[in-house]
Amino acid sequence: MIPIKTGARQAPRWQQELARAIVDPAVLLRELDLDPGLLPAARAAAARFPLRVPRGFVARMRKGDPNDPLLRQVLPLAAELEPAPGFVADPVGDHAAQVAPGVLHKYHGRALLIATGACAVHCRYCFRREFPYAESRAGADEWRPALAYLAGDASIREVILSGGDPLSLSDRRLGALLAELDRIPHLERLRIHSRQPIALPERVDDGLLALLAKTRLRPVFVVHANHPREIDEPVRTALERLARAGVTLLNQSVLLRGVNDDAATLAELSESLFAARVLPYYLHLLDRVRGTPHYEVKETEASAIMEVLRRQLPGYLVPWLVREQPGQPAKMPLL
Ligand SMILES: *Cc1c(COP(=O)(O)O)cnc(C)c1O
Ligand code: SF4
């Protein structure tokens, strides 16, 4: 198809896909031939944390299966509205760890910048679903104090762009941020924590690769896939392009009841990731955020799963099972 020239520059394809993402539970249920009886609960839960899922991600789900492991990550459920003791708004103490607007500095040598609160997909189990982004986000011209903090601490060798999803930023804004980071002499590594190569692989386009080619910082991407079926052909292509651009690719998952809480699924996930040039990094135990108890896998069960996994895979394909605890000097592996 020949694009019609209109004078106004067309939005990149990833932004068009983002604009087409499904945000209405009724549309999601219809697309997947699911029981409309699920709608009232979905609407009620979505009022607290809205539904959002790109159509390309929905295309990887099985029609007619309310327990599909990809659907289960994004469909709002009544269970989210039930109060549960121990499940709170900020389980990992992020609010207290802010050292400048939008900067979390908990661990030695690396600091995390909340580049935006926006995500392409809303994961129901997200530990930041209750996070007050509006107060904490380092917005367009509000990066000054954050950059000043990073520049002022020479022990920081790695900046981690997180969010939300930092790749929600336009190339223009991301480019401006990377140019500023480039100028901080003690920074060596640029880490990007993003689910977009998985949820919206269109994001890995020429514009993004051009930005990565320009920075002097060593790029590391930590992507986020929980189930092997998330990795389809467009995702493999996106990851391959990043790998060829010299990006070190790692994956983090969350151990989720009804999604990936068995060794066979996790083994297949590691195999699929490796085939797409990605090494498994962390497998997080669920952060106990409000609205998520139905996803929890208990620690003893998680350890048993890991034991099976270790007998099935080479060591480098076994992720570290971790739980984040406020006040700890690192994410602590559970052995
Ligand atoms: C998870 C996290 C990091 C990264 O930890 P690594 O062990 O380096 O992956 C850094 N800063 C904050 C605030 C984090 O939550
Ligand atoms: S993409 Fe990441 S930050 Fe965004 S909702 Fe999902 S888990 Fe949370």
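Details of the structure are given in the entry above.
A.B. asks: Give a description of the site of ligand 2 that names residues and reports values.
C.D. replies: As a matter of local geometry, ligand 2 sits amid C119, V121, C123, C126, G164, R195 and H224. Residue composition of the shell around ligand 2, grouped by class: four nonpolar, two polar and one charged.

A.B. asks: So, the environment of L28: which residues are in play, and what are the values?
C.D. replies: Topologically, L28 is positioned in helix α2 (residues 25–31). Residue class for L28 comes out buried when judged on its relative accessible area of 0%. Residues L28 and P333, 305 residues apart in the sequence, show an inter-C-alpha distance of 37 Å.

A.B. asks: Talk me through the site of ligand 1; I want residue IDs and the actual numbers.
C.D. replies: Neighbouring residues of ligand 1: L104, K106, Y107, R110, L112, I160, R191, Y281, Y282, E324 and K331. Y281 places a polar side-chain atom, nitrogen or oxygen, 2.6 Å from an oxygen atom of ligand 1. For the shell around ligand 1, the elements supplying multiple residues, two or more each, are β2 (103–107), β3 (110–114) and β8 (279–284). Element by element, the count of residues in the shell around ligand 1 is highest for β2, at three residues. Grouping the amino acids of the shell around ligand 1 by side-chain chemistry returns six nonpolar, no polar and five charged.

Calculation criteria
Residues numbered from 1 in each chain as written. Chains lettered and ligands numbered in written order. Predicted model: local features only at pLDDT ≥ 70, side-chain atom pairs only at ≥ 80, totals over all residues. Heavy atoms only, no water. Near = heavy atom within 4 Å. Nonpolar A, V, L, I, M, F, W, Y, C, P; charged D, E, K, R; others polar. Helix = DSSP H or I, 4+ residues; strand = E, 2+ residues; numbered from the N terminus. Buried < 20%, exposed > 50% of the residue type's maximum accessible area, 1.4 Å probe, protein only. Polar contact = N/O pair within 3.5 Å; in protein donor to acceptor, adjacent residues only side chain to side chain.

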